[in-house]
Amino acid sequence: TDATGQTSTIWTLGTVSGAQSATATIGSFTVGFTAEAAPGAPSQLSGSGGGVTQVVGTTVDLTATVRDANGNVVPGAEVTWGGDGTFSSPTSLSGSNGVATVTWTLTTLVGGQSATGSLGALTPASYTATAIPGVASTLEQSGAGGEYDQGTALPLSITVRDQFGNARDGDAVSWSTTSGSIPGDVTTANGGVATATWTLGNDPGDYTASAMVGGLTATFNAQVKGCIVDVDGVVEEGEWDCALEDG
């Protein structure tokens, strides 16, 4: 102590934020000191919640943790969100645990998507997601729809899409027909496409072929050319001309 009975020192706080204490002891006397160590300026930004595979248009919860140079969490730091899709808020503040959160809504397009959480000049926290098609919603079809000779082979095609128009590969397709033959079950591929060849039968008339995917059905129409004689066996006017035309 000096002539006034006082002494002093410099107390360097520890690197961990929170309550800290020190004591000064002279003989049997002890004096206590306390301090609240606050975290330093934001120095590190880390993220979690990405790396997922989800249906297009659905949501992903993202978090960004803000820390100072000593690893202490930093509350009240503003994180800015950006990237593909939309976010529940353009910015969010870190809480008492140093964590800022946001809900990320993926776009309606399939494929890789990305997002970032940014804070000043710090390296952004990066997030990724793989967006896959939603449930089958529509069937696009092509083929048939006319008048054909007996035994004609008709190429048919369907494309399976979700509600946003994304093609769905890997869907089971069941084919059936009321005339002739058609392959049974196939699987969509190469952009949600399934194909089949419908070989018409020999009986004249109007017929259909169907492709079923879950609860969806695509129907193809075809008319087989030829003459139909009444079951009474009497060739009536019109039926005789048709028979002559067919030779």
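Rules of the game
- Residues numbered from 1 in each chain as written.
- Predicted model: local features only at pLDDT ≥ 70, side-chain atom pairs only at ≥ 80, totals over all residues.
- Heavy atoms only, no water.
- Helix = DSSP H or I, 4+ residues; strand = E, 2+ residues; numbered from the N terminus.
- Polar contact = N/O pair within 3.5 Å; in protein donor to acceptor, adjacent residues only side chain to side chain.
- Contact = heavy atoms within 4.5 Å.
- Pairing = 2+ DSSP bridges.
- Axes fitted to C-alpha atoms, helices over the stretch in contact; angles between N-to-C directions.
- Buried < 20%, exposed > 50% of the residue type's maximum accessible area, 1.4 Å probe, protein only.

Got a sec to walk through the side chain of Thr188? Specific residues and values, please.
Looking at where Thr188 falls in the secondary structure, it is placed in the loop between strand 16 (185–187) and strand 17 (193–199). In terms of polar contacts, Thr188 uses its side chain to reach the backbone amide nitrogen of Asp171, at 2.8 Å. Contact partners of Thr188, with chain neighbours within four places excluded, come to Val160, Arg168, Asp169, Gly170, Asp171, Val173, Val193 and Ala194.

Outline the sheet that holds strand 13 (residues 147–148), supporting the account with residue identities and numerical values.
One key point about sheets: their strands pair by backbone hydrogen bonds, in either a parallel or an antiparallel sense. Read across the open sheet, the five strands follow the order 13-19-18-15-16; overall the sheet is mixed. Only two strands of the sheet have a single partner each, and these edge strands are strand 13 and strand 16. Note: strand 15 (residues 172–177) against strand 18 (residues 205–213), four bridges, orientation antiparallel. The partner of Trp175 across the bridge, within strand 18, is Ala211.

Residue-level account of the sheet that holds strand 11 (residues 125–132), with values.
Spatially, five strands are ordered 4-11-10-6-8 in an open sheet, and the strand pairing comes out mixed. Only two strands of the sheet have a single partner each, and these edge strands are strand 4 (52–55) and strand 8 (91–93). Strand after strand, the sheet turns through a mean of 30° between neighbouring axes, direction not considered. Direction of pairing for strand 6 (residues 78–83) relative to strand 8: antiparallel, over a ladder of three bridges. Bridged to Thr80 within strand 8 is Thr91.

Describe unusual backbone geometry, with residues and values.
Positioned with a positive phi, Ala144 is a non-glycine residue whose angle comes to about 60°. Mapped onto the elements, Ala144 comes out in the loop between strand 12 (138–142) and strand 13. Of note in this structure, Asn190 is not a glycine but carries a positive phi near 50°. Tracing the backbone through its elements, the reader meets Asn190 in the loop between strand 16 and strand 17. Judged by relative accessible area, which is 74%, Asn190 ranks as exposed.

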